[in-house]
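Residues per chain are reported as follows:
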Amino acid sequence: MYSHVGENVGVSALVEDGDLHLKVGDTQVNIAAIWLRDSCPCPESRAENGQKLFNIVDLPSNARVERAQVVGRSIEVEFAPDGHRGVFDIEALITAGTPPDLADARNEKAKRLWRLAAEVPPVWNDWTGYLADPAPALRAVVDFGFALLRGVPTELGQVVAVAETFGFVRKTNYGTSFDVRVEENPVNLAFTGLAISPHTDNPYRDPVPTLQLLHCIHNATTGGESGLVDGFAAAELLRENNPRAFDILTSTPVTFRFDSADAHLSAIMPMIGLDPSGRVREIRFNNRSMVAPRLEPGPAREFYSAYRTFAELLYSPEAQLNFQLDAGDCLIFDNTRLLHARTAFAATGGRHLQGAYADLDGLLSALQTFEEIW
Ligand code: OGA
Ligand code: ZN
């Protein structure tokens, strides 16, 4: 039975079976008593910093709304059986009903996917302009997966300073930063003049570095062109064209591995990682560090066919954005989404990039702060 407990301009509150039902204009919002109790903003429930002061087991399991009254833009609630009281902002109650996956800036839904390189708008940012307002470049990393800064000082170690404009460097066995140039005894093909096909970095790490930076110190060689591909767009296309292949790549665990004298790293993940709502959230693709999965012949054939189909999409020339990094250019990209590549180059030209890893959580946090300021 409904009991009419409160009314205000356009908002009415009803309690039924101990739960709260708000009517806001034509919209009906149904709120479970236990959720409301768990979300209580009163000083007994929350510290001044907003953090919760209680645990789920501290709440009565049979919590229900005893009374509710609309007062202005708020609603005053009294709970049973313990008589707890709280005042809730009506607007906040309505907003909290937005499906949680829409709020995740990391999955495909939050992105501006590009299937063709031609769809990417110019995302070059001049270093001094970037320092004055980093928000547009960081926004481009979130939306398109990358930003390119130009005119960054070509001092060694500068890549760390770039990462520190928006977050924190992720130090790895390659160092705080690492040099990408031709080496005598390379532990990684990145440190040769060979071409590298589109890949994500360090898929053998868990957690994987979610951002990568590549800063060009010197590039007086022929070749060594850079390429970027949108892995989320390719996954979306795969799902459209070949749902079976998509299912195989989202559900088959693949081992990625790296070994050197001082590092033994491995992670077991699907190539296409989904979030709980089934949306694409993380691509791991690296032919150099993937261990061929030892499946029974039937599943192996299916896996390899799906892998090949995905690779063909990723390697499609129209999907790849190509450009030459010049001295002073610094690329920042989402290593969970974009694949990067380079063409072969002559060792004599002395091509030298410095790289570093960082993470998207820090960048998203900085972006929110910067967007509030500007
Ligand atoms: C890397 C890499 C690309 C390049 O270091 O991870 O892929 O342009 N380098 O040298
Ligand atoms: Zn790489």
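Residues numbered from 1 in each chain as written. Chains lettered and ligands numbered in written order. Predicted model: local features only at pLDDT ≥ 70, side-chain atom pairs only at ≥ 80, totals over all residues. Heavy atoms only, no water.

## Re the domain arrangement of the protein
Examined at the domain level, the protein breaks down into domain 1 (2–95) and domain 2 (108–373). Inter-centroid distance (C-alpha atoms) of domain 1 to domain 2 is 45 Å. (Domains from an automatic or database assignment.)

## Looking at the coordination of the zinc ion (ligand 2)
Angles at a metal have ideal values that depend on geometry: 109.5 degrees with four tetrahedral donors, 90 or 180 degrees with six octahedral donors. Donor atoms from the polypeptide that bind the zinc ion (ligand 2) are His199 (NE2), Asp201 (OD) and His340 (NE2), placed at 2.1 Å. Taken in sequence order, the residues that donate to the zinc ion (ligand 2) follow the motif H-x1-D-x138-H. With His199 in strand β12 (residues 196–199) and His340 in strand β21 (residues 338–342), this pair connects stretches of sequence that are 141 residues apart. In this structure, His199 and His340 share a single accessibility class: buried. (Donors = N, O, S within 2.8 Å, 3.2 Å for Na, K, Ca; no water. Helix = DSSP H or I, 4+ residues; strand = E, 2+ residues; numbered from the N terminus. Buried < 20%, exposed > 50% of the residue type's maximum accessible area, 1.4 Å probe, protein only.)

## Examining the nonpolar core
Here is a general trend for soluble globular proteins: nonpolar side chains tend to be buried in one another's company. Within the largest apolar cluster, 79 residues are counted, with the highest numbers of intra-cluster contacts made by Phe146, Phe166, Ile272 and Phe310. If one sorts the elements of this core by residue count, helix α4 (residues 135–144) sits on top with seven residues. For Phe146, the residues in contact, after removing those within four places along its chain, are Trp114, Val120, Val123, Trp124, Ala140, Val141, Leu228, Leu321, Leu331, Ile332, Phe333 and Leu338. Core analysis: the second largest hydrophobic core is formed by 20 residues, Ile31, Leu36, Cys40 and Cys42 among them. (Core = buried A, V, L, I, M, F, W, Y, C linked by side-chain atoms within 4.5 Å. Contact = heavy atoms within 4.5 Å.)

## Considering the sheet that holds β12
One open sheet holds the four strands; their spatial order is β12-β21-β14-β19, and the pairing between them is antiparallel. Whereas interior strands pair on both sides, the edge strands pair on one side only; in this sheet they are β12 and β19 (321–323). Each strand axis lies, on average, 15° off the axis of its neighbour in the sheet, ignoring direction. Sheet analysis places β12 next to β21, joined by two bridges and oriented antiparallel. For Ile196, the partnering residue across the bridge sits in β21 and is Arg342. Sitting on the sheet, helix α6 (residues 231–241) is in contact with β14 (226–230) and β21, with an inclination near 45° to β14. (Pairing = 2+ DSSP bridges. Axes fitted to C-alpha atoms, helices over the stretch in contact; angles between N-to-C directions.)

## Thoughts on the side chain of Asp201
As for its placement among the helices and strands, Asp201 is situated in the loop between β12 and β13 (211–218). Of the side chains bearing the opposite charge, Arg288 lies closest to the buried Asp201, which forms no salt bridge; the N-O distance is 4.9 Å. Separated by 3.0 Å, the side chains of Asp201 and His199 make a polar contact. Engagement of the side chain of Asp201 in a polar contact is seen with the side chain of His340, the distance being 2.9 Å. Filtering out sequence-adjacent residues up to four positions away, Asp201 remains in contact with Val208, Gln212, Asn335, His340 and Tyr357. (Lys, Arg positive; Asp, Glu negative; His and termini not counted. Salt bridge = Lys/Arg side-chain N within 4 Å of Asp/Glu carboxyl O. Polar contact = N/O pair within 3.5 Å; in protein donor to acceptor, adjacent residues only side chain to side chain.)

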